[in-house]
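Residue-level structure breakdown
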Amino acid sequence: MAIQSVRGFNDLLGEELARFRRASSVVRSVLERHNFEEILLPVVEYAELFQRSIGEITDIVQKEMFLFKDRKGRLLALRPEGTAGAVRAFLEHKFYAERPYTKLFYEGPMFRYERPQSGRYRQFHQIGAELFGVAEPSADAEIISVVYELLKELEIDSVIEINSLGCKECRPPYREALKEFLAQKEEHLCKDCLGRKDRNPLRVLDCKEKSCKLAVSDAPKMVDYLCDSCKEHYSQLKELLTHINIPFRENFNLVRGLDYYTRTVFEAVSDSLGITVVAGGRYDYLVQELGGPPTPALGFAVGVERLALLLKDIPKPKELYVVIPFGDVLPYALKVAKALRSKGKRVEFSYRRGGLRKQLDFANRLGAKYAVIIGEDEAKEGVVSLKDMDSGEQKKVKI
Ligand code: ATP
Ligand code: MG
């Protein structure tokens, strides 16, 4: 049997790829005009980086990572996300010492051992942005505004949801309250949630199982437990978003699937498809936890395949010209093709000669908009016969 691609690892081609490229290029241009600088991160990192940043009791670390040992027995991982690597690079290159604050973006494939379905793959692509060094809520508003702009530019219908997860001061008491609440709901929780309700109760709020979702619908809310400074941060953020006309909706059960978040978390959700396309938040302790100086930071990641799925207009490829040499005109015809290409046209050449009919058929099959017919007369006069393949109209023109 012929070898097939690995489950969850897909080829991207044709129209799907065109959508993917358009999504990617719009996101990149929005990031570039907000002065984020690109960093090309490696696909492989030490597994420990993810265990320490994302957190041991998370789905990603417990069951979704692609792990392998190198020849020296060191445990490596295919990156499941980009923030951990960006923080690692931020520390490794000592950006914290050189810049008052740092704005980076990255793009590339991520890997998670998940059950493949529409919009969920084992290799998928993210573009992520990270802003290091700013604690003020203006940075949160700016980051959310970047997300809003890229969604608007791509004309993607979605809603931005926000929540606050508090800090080292106010989260522990909330955690206890949530634990007590969950202890009363045991019979409604799935097997996974029973396992994590004591060790990582916030994770239960993120569970996608129906019965768990229902069970936590009246759970205690982090916003009711925020300390004064977190409360102030959150209300300033909401005020700023309102001032700059960014619509949002509060979702008090929004916690995100990674442990490093503090204070602001947000997602852009497509209500029509019920999937999250962009997700992010603040992670004020992560840089320090990975060995750096205390550095507040925040960021987001977009799922490029999911954006592509939601794009309405498909970018059309440039119209195609097919150059058809007819008779003893090969050098002239090749020159014409070259001249058209130098003008930025997309040009195919009819390499396999034959009767004019046959070559026009060939141009048709390729989906040509124009056939550029070159017979001996045209070559002599220094012109071409340009045939519009839709209307059939043909006229001699100078190149
Ligand atoms: P979900 O809740 O859908 O599992 P997540 O919380 O695991 O998403 P993040 O880790 O925050 O997602 O990743 C950010 C974005 O990356 C998601 O909003 C989504 O658009 C995309 N993404 C995550 N996992 C996948 C996947 N397996 N396939 C395709 N895109 C994905
Ligand atoms: Mg996930």
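Residues numbered from 1 in each chain as written. Chains lettered and ligands numbered in written order. Predicted model: local features only at pLDDT ≥ 70, side-chain atom pairs only at ≥ 80, totals over all residues. Heavy atoms only, no water.

1. Brief notes about the overall build of the protein chain
Put simply, the test is: By definition, any uninterrupted DSSP run of H or I lasting at least four residues is a helix, any uninterrupted run of E lasting at least two residues is a strand, and each is numbered from the N terminus. Here the radius of gyration uses the C-alpha set of atoms, whereas the globule reference equals 2.2 Å times the residue count to the power 0.38. Each residue gets one of three labels from its accessible area relative to the maximum for its type: buried under 20%, exposed over 50%, partly exposed in between, using a 1.4 Å probe on protein chains only. Contacts are assigned to residue pairs with any non-hydrogen atoms lying within 4.5 Å of each other. Note on areas: Shrake-Rupley with a 1.4 Å probe; residue coverage comes only from the protein chains shown. For the purpose of counting charges, residues Lys and Arg are taken to be positive, whereas Asp and Glu are taken to be negative. His and the chain ends are not included. In plain terms, the charge of a residue is placed at NZ if it is Lys, CZ if Arg, CG if Asp and CD if Glu.
The secondary structure content of the protein chain amounts to 15 helices and 16 strands. Taking 399 residues into account, the globule formula puts the C-alpha radius of gyration at 21 Å, and the protein chain, at 27 Å, lies well above it. Principal-axis analysis of the C-alpha atoms places the extent of the protein chain at approximately 90 × 55 × 45 Å. Buried positions account for 50% of the 399 residues belonging to the protein chain. Here the analysis covers contacts within the protein chain between residues at least 6 apart in sequence; of these, 69% occur between residues at least 24 apart. When the accessible surface of the protein chain is totalled, it reaches about 20,600 Å², and 50% of it is carbon and sulfur. Counting 63 positive and 59 negative side-chain charges, the protein chain places the averaged centre of each group 6 Å from the other.

2. Notes on the packing of aromatic side chains
Which entries qualify depends on this criterion: Two aromatic rings, drawn from Phe, Tyr or Trp (for Trp, its six-membered ring), form a pair once their centres lie within 6.5 Å of each other, and the interplanar angle then sorts them: stacked below 30 degrees, edge-to-face above 60, tilted otherwise. When the NZ atom of lysine or the CZ atom of arginine is within 6 Å of a ring's centre and also within 35 degrees of its normal, the charge is said to sit over that ring.
Taken as a whole and assessed by the stated rule, the structure comprises 12 aromatic pairs. Three or more aromatic residues link up through ring pairs in this structure, and these residues are Phe90, Phe95, Tyr96, Phe132, Tyr260, Tyr261 and Tyr283. The residue whose ring lies beneath Lys103 is Phe36, and the NZ or CZ to ring-centre distance is 4.9 Å. For Lys168, the ring lying beneath its charged end belongs to Tyr285, and the centroid distance is 4.0 Å.

3. Thoughts on the sheet that holds strand S6 (residues 123-132)
Filter applied, for reference: The pairing criterion is simple: DSSP has to find at least two bridges between the two strands. Here an axis means a line fitted to C-alpha atoms, over the contact stretch when the element is a helix, while the angle between two N-to-C directions is reported on a 0 to 180 degree scale.
Reading across from one edge, S1-S5-S6-S11-S10-S9-S7-S8 is the order of the eight strands in this open sheet, with mixed pairing throughout. Of all the strands in the sheet, the pair left with one neighbour each is strand S1 (37-38) and strand S8 (249-250). Relative to strand S11 (residues 297-303), strand S10 (residues 275-282) runs antiparallel, the two sharing five bridges. Paired with Arg282 across the two strands is Leu298, which belongs to S11. The strands touched by helix H4 (residues 83-92) are strand S5 (102-111) and S6; relative to S6, the strand with the most contacts, the crossing angle is about 45°.

4. Re the domain arrangement of the protein chain
Basically, it comes down to this: An automatic or database domain assignment provides the domain bounds reported here.
Under the domain assignment used here, the protein chain contains domain 1 (14-170 + 226-310) and domain 2 (320-398). Each of domain 1 and domain 2 was reduced to a C-alpha centroid, and the two centroids are 50 Å apart.

5. Section: the site of ligand 1
Selection criterion: Here a residue is considered near a molecule or strand provided that any single heavy atom belonging to it is located within 4 Å of it. For this analysis, a polar contact is any N or O atom pair within 3.5 Å, provided that within protein one partner can donate a hydrogen and the other can accept it, and provided that sequence-adjacent residues contribute only side-chain to side-chain pairs.
The immediate surroundings of ligand 1 are formed by 15 residues, with Arg112, Glu114, Arg120, Lys208 and Arg256 found nearest. Taking Gly303, its main chain carries an N or O atom lying 3.4 Å from an oxygen atom of ligand 1. A distance of 3.0 Å separates an oxygen atom of ligand 1 from a polar atom in the side chain of Arg306. Burial of ligand 1 by the protein chains amounts to 93% of its free accessible area of 590 Å². With three residues, the single largest contributor to the shell around ligand 1 is S10.

6. Observations regarding the pattern of salt bridges
The criterion, for reference: Whenever a carboxyl oxygen of Asp or Glu lies within 4 Å of a side-chain nitrogen of Lys or Arg, that contact is scored as a salt bridge.
According to the stated counting rule, one finds 27 salt bridges in the structure shown. Put simply, Glu45 and Arg88 hold a salt bridge, and the shortest N to O gap is 2.9 Å. Of this pair, Glu45 sits in strand S2 (residues 44-46) while Arg88 sits in helix H4, placing them 43 residues apart in sequence. Like Arg88, Glu45 is buried. A salt bridge links Arg120 to Glu114; the shortest N-O distance between them is 2.9 Å. For Glu114, a relative accessible area of 13% translates into the label buried. What emerges from the salt-bridge pattern is a single network uniting Asp59, Lys63, Asp192 and Arg196.

7. A word on the packing of helix H1 (residues 14-33) against helix H6 (residues 137-153)
This is how it is decided: For classification, angles of less than 35 degrees are called roughly parallel, those exceeding 145 degrees roughly antiparallel, those between 65 and 115 degrees roughly perpendicular, and all remaining angles oblique. Take the far helix as the reference: if the near one is turned anticlockwise from it by less than a right angle, the crossing is left-handed, and if turned clockwise, right-handed. Residues were grouped as follows: Ala, Val, Leu, Ile, Met, Phe, Trp, Tyr, Cys and Pro as nonpolar; Asp, Glu, Lys and Arg as charged; and all remaining residues, including Gly, as polar.
Contact geometry for H1 and H6: axes closest at 10 Å, N-to-C directions at 140°. As the angle between them shows, H1 and H6 are arranged oblique. Of the two possible hands of crossing, H1 and H6 adopt the one that is right-handed. Only Val146, Glu149, Leu150 and Glu153 of H6 make contact with H1, whose side of the interface consists of Arg22, Val26, Val27, Ser29, Val30, Leu31 and Arg33. Here the residues of the contact of H1 with H6 are counted per class, giving six nonpolar, one polar and four charged.

8. A look at the sheet that holds strand S15 (residues 383-388)
The strand order across the open sheet formed by five strands is S13-S12-S14-S15-S16, and the pairing between neighbours is mixed. Since the sheet does not close on itself, it has two edges, and those belong to strand S13 (346-349) and strand S16 (394-398), each with one partner. Ignoring which end each strand starts from, the neighbouring axes of this sheet average 30° apart. Bridging between S15 and S16 involves five bridges; their strand directions are antiparallel. Bridge pairing links Val384 to Val397 in S16. Of the strands in this sheet, strand S12 (320-325), S13, strand S14 (370-374) and S15 are in contact with helix H14 (residues 356-365), which crosses S12 at around 165°.

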